[in-house]
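Given next are the chains, with one letter for each unit.
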Amino acid sequence: MPFYSGRSGLFRLCARAFCTALILLITTLAHAGIIRGTVTDPSGATVRGATIVLTNDAKYVGTTVSGADGSFQFVTGQSGRFALLITAQTFRQLEPPAFYADATANVERTLVLEPEWVHQAIVVTATGSPTPQPQTSESTNVLATLDLGQLNDFTSALQMMPGTAVVQAGQRGAQTSLFVRGGPSDANKVLIDGVSAGDLGGRFDLGPVSTLGVQSTEVYRGPNSSLYGADADSGVVAFRTERGTSSFPTLRLAGDYGNFFTSQERAELAGARNKLDYFGGFSWLQTSNSLPNSQFHAATATGNFGWQPRTSTQIRGTVHYGVDATGVPNAWQFYHVAANEKEGDQDLFLSGSIDHQTTLDWHNSLRYGATRKREQLTTFAPAGQLIEYNTDFGLSAYFGNAVTFTGANGYTASGRAMLSFPGNYPSHTQLVSNRDQLVYQGDYRFTPHITGLVGFQYQDERGSEPGSTYYPPVQRNNYDYHAAVHGDFKNRFFYTLGGNLAHYSLFGTQTSPHAGISYYLLRPKPGVFNGTRLTFNFGDAVREPTLTDQDDSLYTFLKNNGGQSSVDQLHIAPIGAPATRSYEGGLEQAFLGDHILFRATYFHNQFGRQIEYVGLNLVPALLPNLTPTQQQQLETFLQNNYAYELTLNSEAYRAQGIETTVEGGIGRSLFLRGGYTYLDAVVQRSFTNDDAALLGPVPTFNGIPLGPYSPLKGARPFRRPPHTGFISASYAGHKWTGLLTTAFASRSDDSTYLAGEDLSGGNSLLLPNRNLDHGFAKLDIGASYQFYKRLAVYAQTENLLSDQHLAPIGYLSLPFNFRAGLRIKLSKSAGE
C-alpha cells in the first residue's frame, strides 16, 4: 500500500504540474503578440500556398504558409519593427512596409500579391483608402522608382501615361503644364503626401519639381472632387515620399555631369529603429540649357519621419522645400532676342498626420498641411530695340529682331514682335500663395465586403501680389464634406458611391457626386483568354479660380471703369467655378495567364463655365463711354501691372476620346508597356466670336478666322494634341537596370498670342490656330550597372532625336542631352 500510495501521489503531483504549465502556456499565448492576415491576388481572391517570412529588426523570426482560405498567423511574443516577405508561384515577390508592434499586439494585414508579368499596384486616389487597382473602376496609373530611372524631373515620366499631354514652354526648368483628357492645365489636384500643393485655384508648375525622395506617383484621370474637393475636376497627381526601412542607417550619394554644363548631386539618409523610421535627402541641379539667358538651378530638400508610440497609432511628419531660379528668354523664335528676365520659386510643403487603428475594422486619420509658395519674376532691363509704333498717341515699345517663323500647318509670318515696354527697371512682380489645411478621414469596414468612408477638409487660403497697387490681397475659407462607400459582391462586382458638399468663399456651395462599378465577366485564371473586366464611371467636379483669374476678372474691371452697359449687354457675371461632368466606360482583358494585359477606355468630358481670356485690344469696344485717350491710358495702366488679359467664365467645350494600353513581361526581368490616346475636343462656346456683333469681327489670316487668345467656337482647345502615345521597355537584372521610353504627339492647335504686337500695332504676326504646334517623337534611354555592392554607375540620355519642337510654337526645346555619374551606397547589413 505505501508503494501504491506514493506512486499515486507522484501521479497527482505530475498532473498538477502539467495542468499548471498548460494554463501558463495558454495564458502566455493569450497575451502574446499575434501577426496574422490574408494573402490575396489583386481581384480579392485568396492565394493558397504563399510562403510568408517574418523578421524582427532584420532577424529571422519564422516562416509559415497561407492556408486554403489564404490566411496566415505568427505568434511572436516579441516587440520590435517587423517585416514580411511573401512569395508565391506566378506572383511577384512582395515586401510591404515594415511596422512596429509590441509584444502583446494583435496585428492584422491583408497582403495583395501582384501578378509576375503585369503591374497592378495598390492605389489610394481612386477610393481614398489603399485598394488594389483591379478592385477599382477608376483610371489610375502609378509611376514607381524604376519608371523614373535616372530622371531628375517629371516632364518625361508623365508622358508615359495614357490620356495626358505634357507641355513645357522652353527648356529644362521652364514652365511645364499637364493636360489630362483634354482638361485645362490648372484642373489637376496635385498632392504631396496628402497636402494640396497647387497655387490658389490649383495651378501647378511641374518644371522645377525634383524626383528626389519620391517613392511613387499616382496619376488619376477623371474628375474626383467627391474625394478631394475643388481643383480635382480633370485629374489628381499624388506624390508620396520615401520612408526609411533598413534596420541600419543607409547613406546614398550620387553625382553626375553632362552636356550644357549640367550637373546634379544628391545625398539621402534613411533607416528605421524600433518605433522610429526616417528619411532625409538633398539635391542640387544646375544647367545652362542651350539658349541665351536660360540657365536653371534648383535646390531641393525633403524629409519623412514616422513614430509609432503604439502598435495601433502612427505619427508622421513630412517636409519638402524647393528653391529654384531660371532665366526666361521668352519665345525665342518670335524675337531672336532673349528677354532679360528671371523667374524664381521658393516652395515649402509640410504635413503632420496621426493615423489610428481604433479597432480592426475602424481606421481614423487626421492631417495638417501647410503650403507656402513664393514666385517672383524680375525684369532686369528691357530687351530689343525701342521703336515708336503708334504716332497718334506717341506709344513706344521694345521690339525683337526681324524674324520669319512657320507653324506646323505651313503658314508663315514675318516681322518684328513687341517684346517689352518702357518703364522703370529693374521691375519685380510677386505671387504669394499660402494655405493651411486640416483633413479628417475615417473608414469603417462593416463587413469584409463593405467599407464606408467619411471625411472633412478645411482650407484657409491667402493670396497676394506684394508691391502691386492694382491687386488687393485675397483670403478664402473653404469647407469640404465627403462620404463614400466601397464594396464588392463575391470579389466579382466592385462598386464605389460617394459625394462631396463644398462651400467655398469665392463661389458658394457646390455638390460633386461620383459613382463607379467594375465587373469581372471572366475571373482571372490560367489560360489564353481570361480576366475580362468591365468598368464604368460617372462624376461631377468643380474648380476654384486661380488668384490671377480672380484679380483679372473682366466683370470687376468693367464695374470699376464705368462699363455697366457692357456687363448688361454681354451678360458678364462675376468670376465663378468652372465645372466638369464626365462619363467613362472601359474594358480590361488579360491573355496567357496574366502575361499580357490590355486596357481600353472611352471617356466623355463636358467642361462648362470655363475661364476664357480677353485681350486688352477689346478695351475700346467694352468701354465705349471713354475717350480714345482714356482707353489708351487704361490699357497702358493694365500693361504696367502685367494684366495683359482679362478673365470671364464664357467658354464651354466637349472632350471625348479613347485610351488604350497594353503591357506584359518577358521573363522575370523585362517589362514592356505601350499606350495610345485619341482625343476629340471641340469648343462649343467662345466669348470672342459668340459676341462678335458687339465686339467686332475676329482677326483673320488670308480670310481664315483667328482666335488670338483663346480658341474659336468649333475649333479645338489649345495645346491638346488629338493623338498621343508612348512605348517603354524596362529591364531589372542582378547588375544591370535599363529604361527606354519614347513619347509621341501629333500637331495641336495654338496661338502665337501676338495680337496687336507688330510694328504697326496690328495682327500680322498671328497665324491660323489649326495644327499650329508641331508634332514630335521623343526618345530617352537610361541605364545603370552595379559594379560592387556599394558602387554603381549610371547614364541618362534624353531627346536622342534632338527634336526641338517638343514645346509650343515660338519656344525651342532642349536638344539631345546626356548625363553620366556614380552612385554610392553606404550601409551596414544585419550580418555585418
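In this text the structure is predicted, and so the values were computed from the model without any measurement. (Residues numbered from 1 in each chain as written. Predicted model: local features only at pLDDT ≥ 70, side-chain atom pairs only at ≥ 80, totals over all residues. Heavy atoms only, no water.)

Draft legend 1. Region of interest: the overall build of the protein. Check the secondary structure of the protein and you find 11 helices and 45 strands. Computed over its C-alpha atoms, the radius of gyration of the protein comes to 30 Å, within 12% of the 28 Å expected for a compact globule of 832 residues. Taking all 832 residues of the protein together, the buried fraction comes to 54%. Restricting the contact set of the protein to residue pairs at least 6 apart, pairs at least 24 apart contribute 66%. Total accessible area on the protein is roughly 34,500 Å²; 60% of this is exposed by carbon and sulfur atoms. (Helix = DSSP H or I, 4+ residues; strand = E, 2+ residues; numbered from the N terminus. Rg over C-alpha atoms; globule rule 2.2 N^0.38 Å. Buried < 20%, exposed > 50% of the residue type's maximum accessible area, 1.4 Å probe, protein only. Contact = heavy atoms within 4.5 Å. Areas by Shrake-Rupley, 256 points an atom, 1.4 Å probe, with all protein chains shown as cover.)

Draft legend 2. Quick peek at the sheet that holds strand β7 (residues 106–112). Sheet architecture is open: three strands sit in the order β4-β1-β7, paired in mixed fashion. Of all strands in the sheet, those with a lone pairing partner are β4 (71–75) and β7, marking the two edges. Across this sheet, the average inter-strand angle for adjacent strands is 20 degrees, counted without regard to direction. When strand β1 (residues 34–40) meets β4, the two strands line up antiparallel, connected through five bridges. Within β4, the position partnered with glycine 37 by the bridge is phenylalanine 72. (Pairing = 2+ DSSP bridges. Axes fitted to C-alpha atoms, helices over the stretch in contact; angles between N-to-C directions.)

Draft legend 3. Spotlight on unusual backbone geometry. With an omega of 0 degrees, the peptide bond between tyrosine 425 and proline 426 qualifies as cis. With respect to the element layout, proline 426 can be found in the loop between β28 (418–420) and β29 (427–447). Within the chain, phenylalanine 260 stands out as a residue other than glycine whose phi angle is a positive 60 degrees. Counting through the fold element by element, phenylalanine 260 comes out in the loop between β17 (250–258) and β18 (262–273). A residue is classified by how much of its surface remains accessible, and phenylalanine 260, at 22% relative accessible area, is partly exposed. Residues other than glycine seldom take positive phi values, yet asparagine 799 does so here, at roughly 55 degrees.

Draft legend 4. Layout of a nonpolar patch on the surface. Together, Tyr519, Leu521, Leu522, Val528, Phe529, Leu534, Leu587, Leu592, Ile596 and Val662 make up an exposed nonpolar region whose accessible area comes to about 820 Å². Secondary structure elements with two or more residues in the nonpolar patch: β33 (508–522) and β34 (529–542). Looking at the nonpolar patch element by element, the count peaks at three residues for β33. Inspection of the secondary structure puts leucine 592 in the loop between β35 (579–591) and β36 (596–615). Owing to a relative accessible area of 45%, leucine 592 belongs among the partly exposed residues under this scheme. (Patch = residues over 30% accessible without salt bridge, like charges linked within 9 Å, V, L, I, M, F, W, Y side chains within 5 Å. Salt bridge = Lys/Arg side-chain N within 4 Å of Asp/Glu carboxyl O.)

Draft legend 5. Region of the structure containing the side chain of serine 512. Checked against the element boundaries, serine 512 lands in strand β33. Classification of serine 512 as buried rests on a relative accessible area of 2%. Beyond its immediate chain neighbours, meaning those up to four positions away, serine 512 contacts Ser225, Ser226, Gly498, Gly499, Asn500, Asp540, Ala541 and Val542.

Draft legend 6. Molecular detail of the pattern of salt bridges. According to the stated counting rule, one finds 34 salt bridges in the structure shown. For glutamate 584, the salt bridge is made with arginine 181, and the minimal N-O distance between the two is 2.8 Å. In this pair, glutamate 584 is assigned in strand β35 and arginine 181 in the loop between β12 (176–180) and β13 (188–192), connecting sequence segments 403 residues apart. For glutamate 584, a relative accessible area of 5% translates into the label buried. What emerges from the salt-bridge pattern is a single network uniting Asp153, Arg172, Lys778, Asp780 and Glu798.

Draft legend 7. Quick look at the nonpolar core. Judged by nonpolar contacts, the single largest core of 21 residues is most densely connected at Phe154, Leu158 and Phe239. Those elements that place two or more of their residues in this core are β12, β13, β15 (214–221) and β16 (235–241). Among all residues touching phenylalanine 239, those that are not within four sequence positions of it are Phe154, Val190, Leu191, Ile192, Asp193, Leu206, Val214, Ser216 and Thr217. Of all hydrophobic cores here, the second largest spans 20 residues; its members include Leu419, Tyr709, Leu766 and Leu767. (Core = buried A, V, L, I, M, F, W, Y, C linked by side-chain atoms within 4.5 Å.)

Draft legend 8. Quick peek at the sheet that holds β15. Spatially, five strands are ordered β10-β15-β16-β13-β14 in an open sheet, and the strand pairing comes out mixed. The open sheet is flanked by β10 (139–143) and β14 (195–196), the only strands paired with a single partner. Here β13 runs beside β16; their pairing, made up of five bridges, is parallel. When the sheet's bridge partners are listed, leucine 191 is paired in β16 with alanine 238.

Draft legend 9. Main features of the confidence of the model for the protein. Overall, the prediction assigns the protein a mean pLDDT of 88, with 93% of residues at 70 or greater. Confidence over residues 1–5 falls short of pLDDT 50; this stretch has zero contacts with residues more than four positions distant or in other chains. Low pLDDT, under 50, characterises residues 23–30; the predicted model gives this stretch one contact beyond four residues in sequence or across chains. (pLDDT = per-residue confidence, 0-100.)

Draft legend 10. View of the pairing of strand β37 (residues 645–666). With respect to burial, β37 is a largely interior element, 16 of its 22 residues being buried. Connecting β37 to the next strand, strand β38 (residues 670–685), in antiparallel fashion are three residues, including glycine 667 with a positive phi near 70 degrees.

Draft legend 11. Here's a closer look at the environment of glycine 527. Relative to the helices and strands, glycine 527 resides in the loop between β33 and β34. The exposure class assigned to glycine 527 is partly exposed, which follows from its relative accessible area of 35%. When the C-alpha positions of glycine 527 and leucine 592 are compared, they lie 5.4 Å apart, and in sequence the two are 65 residues distant. Apart from the residues lying within four places of it in its own chain, the contact partners of glycine 527 are Phe591, Leu592 and Gly593.

Draft legend 12. A look at the packing of aromatic side chains. Within this structure, the stated rule accounts for 24 aromatic pairs. Members of the aromatic cluster, joined through ring pairs, are Phe489, Phe493, Tyr495 and Tyr519. Positioned above the aromatic ring of phenylalanine 99 is the side chain of arginine 109, whose terminal nitrogen or guanidinium carbon lies 4.4 Å from the ring centre. (Phe/Tyr/Trp six-rings, centres within 6.5 Å; stacked < 30°, edge-to-face > 60°. Lys NZ or Arg CZ within 6 Å of the ring centre and 35° of its normal.)

Draft legend 13. The arrangement of the pairing of strand β19 (residues 276–287) in detail. By the bridge criterion, 11 bridges tie β18 to β19 in an arrangement that is antiparallel. Across the sheet, the residue bridging to alanine 272 is aspartate 277, located in β19. Between β18 and β19, which pair antiparallel in sequence order, lie two residues; one of them, asparagine 274, sits at a positive phi of approximately 50 degrees. Looking at chain direction, β19 and strand β20 (residues 296–310) are connected through 12 bridges and run antiparallel. Residue tyrosine 278 lies in a different strand from β20, and its bridge partner there is phenylalanine 305.

Draft legend 14. Just the environment of glycine 664, in detail. Looking at the secondary structure, you find glycine 664 in strand β37. A relative accessible area of 11% places glycine 664 in the buried class. Distance in space between the C-alpha atoms of glycine 664 and isoleucine 596 is 4.4 Å, their sequence separation being 68 residues. Sequence-distant contacts of glycine 664, that is, excluding residues within four places in its chain, are made with Trp117, Val118, His595, Ile596, Leu670, Phe671 and Leu672.

Draft legend 15. View of the environment of glutamine 93. The topology assignment puts glutamine 93 in the loop between β5 (80–87) and β6 (99–101). A relative accessible area of 53% means that glutamine 93 is categorised as exposed. The spacing of glutamine 93 and proline 115 is 22 residues in sequence and 9.3 Å in space, taken between C-alpha atoms. Sequence-distant contacts of glutamine 93, defined by excluding residues within four places in its chain, comprise Leu85, Ile86 and Thr87.

Draft legend 16. Representation of the side chain of threonine 326 within the structure. With respect to the helices and strands, threonine 326 occurs in strand β21 (residues 313–327). Filtering out sequence-adjacent residues up to four positions away, threonine 326 remains in contact with Gly173, Ser294, Gln295, Phe296, Glu341, Lys342 and Glu343.

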